[in-house]
Amino acid sequence: MKPPGGYAADADCLAADILRHLAEIGAGRTSITDADLAGAPSDVMRELLVGLLTLHEDLEYERGLRASAEQQSDRLVTDLRAAVAARDEFLSVASHELRTPLSTLKLQTTTLARWLGREGQGGRESALTKQFAVIERQVTRLEKLMADLLDVSRITSGRLELHREPVDLVVLVREIVDRFRADRVGSAPVIVFESDESVAGEWDPFRLEQVASNLVTNAIRYGEGTPIHVSVRGTGDAARLVVKDEGIGIAADQKQRIFERFERAVSSANYGGLGLGLWIAKQVVDAHEGGIDVDSEPGQGATFTVTLPRRAGAHG
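Predicted model only: the values in this text are computed from it and were never measured. (Residues numbered from 1 in each chain as written. Predicted model: local features only at pLDDT ≥ 70, side-chain atom pairs only at ≥ 80, totals over all residues. Heavy atoms only, no water.)

A few points about the pairing of strand S7 (residues 302-309)
Residues in a regular strand project their side chains so that they alternate between the two faces of the sheet. The element S7 is largely enclosed, with a buried count of seven among its eight residues. Of the pairings in the sheet, the one linking strand S5 (residues 238-245) to S7 comprises eight bridges and is antiparallel in character. Looking across to S7, one finds that Val 243 is bridged to Phe 304. In terms of strand pairing, strand S6 (residues 291-296) meets S7 through six bridges, oriented antiparallel. Residue pairing across strands places Asp 295 opposite Thr 303, the latter belonging to S7. Remark: five residues form the turn of the hairpin made by S6 and S7, two consecutive strands paired antiparallel; Gly 299 in that turn has positive phi of roughly 80°. (Buried < 20%, exposed > 50% of the residue type's maximum accessible area, 1.4 Å probe, protein only. Helix = DSSP H or I, 4+ residues; strand = E, 2+ residues; numbered from the N terminus. Pairing = 2+ DSSP bridges.)

Some points on the nonpolar core
Core analysis: the largest hydrophobic core is formed by 43 residues, its most contacted members being Leu 169, Val 173, Leu 215, Val 230, Leu 241 and Phe 304. With seven residues, helix H5 (residues 169-182) is the single largest residue contributor to this core. Here Val 230 is in contact with Val 173, Val 177, Ile 191, Val 192, Phe 193, Glu 194, Val 216, Leu 241, Val 242 and Val 243, once residues within four sequence places are set aside. (Core = buried A, V, L, I, M, F, W, Y, C linked by side-chain atoms within 4.5 Å. Contact = heavy atoms within 4.5 Å.)

A short note on the pattern of salt bridges
Summed over all chains, the structure comprises six salt bridges. One salt bridge connects Arg 66 with Glu 62, and the closest N-O pair in it is separated by 3.0 Å. Of this pair, Arg 66 and Glu 62 both sit in helix H3 (residues 43-118), four residues apart, which is roughly one turn of the helix. Taking the shortest distance from any N to any O, the salt bridge between Asp 286 and Lys 282 comes out at 2.8 Å. (Salt bridge = Lys/Arg side-chain N within 4 Å of Asp/Glu carboxyl O.)

Looking at the packing of helix H6 (residues 205-222) against helix H7 (residues 277-287)
Two elements in contact, H6 and H7, have axes whose closest approach is 9 Å; the angle formed by their N-to-C orientations is 145°. Where H6 crosses over H7, the handedness of that crossing is left-handed. Contact residues: H6 offers Arg 207, Gln 210, Val 211, Asn 214, Leu 215 and Asn 218, while H7 offers Gly 277, Leu 278, Ile 280, Ala 281, Val 284 and Val 285. By residue class, the composition of the contact of H6 with H7 is seven nonpolar, four polar and one charged. (Axes fitted to C-alpha atoms, helices over the stretch in contact; angles between N-to-C directions. Left-handed = near helix turned anticlockwise from the far one by under 90°. Nonpolar A, V, L, I, M, F, W, Y, C, P; charged D, E, K, R; others polar.)

Topic: H5
Under the 1.5 Å per step criterion, the end-to-end length of H5 is 20 Å for 14 residues, consistent within 8% with the ideal 20 Å. Listed as buried for H5 are Leu 169, Val 170, Leu 172, Val 173, Ile 176, Val 177 and Phe 180. Buried residues along H5 cover an arc of 170° about the axis, so they all sit on one side. Turned more than 90 degrees from where H5 packs its buried face, Glu 175 and Ala 182 sit exposed. (Expected span 1.5 Å × (residues − 1). Arc of directions from axis to C-beta.)

Some words on the sheet that holds strand S4 (residues 228-235)
In space, the five strands of this open sheet follow the order S2-S4-S5-S7-S6, with mixed pairing throughout. The open sheet has two edge strands with one neighbour each: strand S2 (191-195) and S6. Across this sheet, the average inter-strand angle for adjacent strands is 15°, counted without regard to direction. In this structure, S2 lies alongside S4, joined through five bridges in parallel fashion. Among the inter-strand pairings, Ser 195 is bridged to a residue of S4, identified as Val 232.

Okay, here's the thing in structure tokens:
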């Protein structure tokens, strides 16, 4: 090492002086004092110590900023977790609170249905039946919204449980399609169902009914009145459910986002729902160790395919 120009000290002697003075300052020290600077054996040493002092102060300042940022980040994470927990708790409480009046309302609609079926109402019967059908559809809609909210709470808190039992997926999905056909009003689309004779497996029937119903509801909502095609096929050790519509379709950059919570590919101003159906469907399919994907182009409709192993661990 060559000493800076203007100094006559030999390089080796300068290095030895620097090491000696640093040793004299003392091990374990975390700062350099004015006395250390005054006691420096040369101007070169003094300039070096000033540089070290400046570097030390800069490092301390940076360390302080980093510590402050980490503390703020920890607080933000804590606050976010608390907000998520509070939201999930609210959803759970709200769902349970809604269940009581909905159960009462459901009982009343059932009673009214029986009454309308028994008592002749003359000219008023047709009008009453139509009004009752509107009430019944709205009750069913509220029940669905409440169940979705409750599932959000269950899934996010890790409390989604499967109750597997032998199920024929063909029978289960056919019943769902028949129910949608029976509820068909006005310009509701035609639903075409195709299947193998039987596709058996060990699944949670309630949860799979939820998946199929959500997919058909989604197809009706975005299919713009076009026919909907539903099929169930067996493929070796797996089952495949396909729901296809010919509606508005989905842009490529939306295909993953639609499976997120409260997300949708279109404006909520034009289409109803909470944006939970596909997210819940994906969580249920994942819990069954299966997969769900979508094939779609804007204006070309959408095809949702669910693949389910027939038994737990079959793909493990």
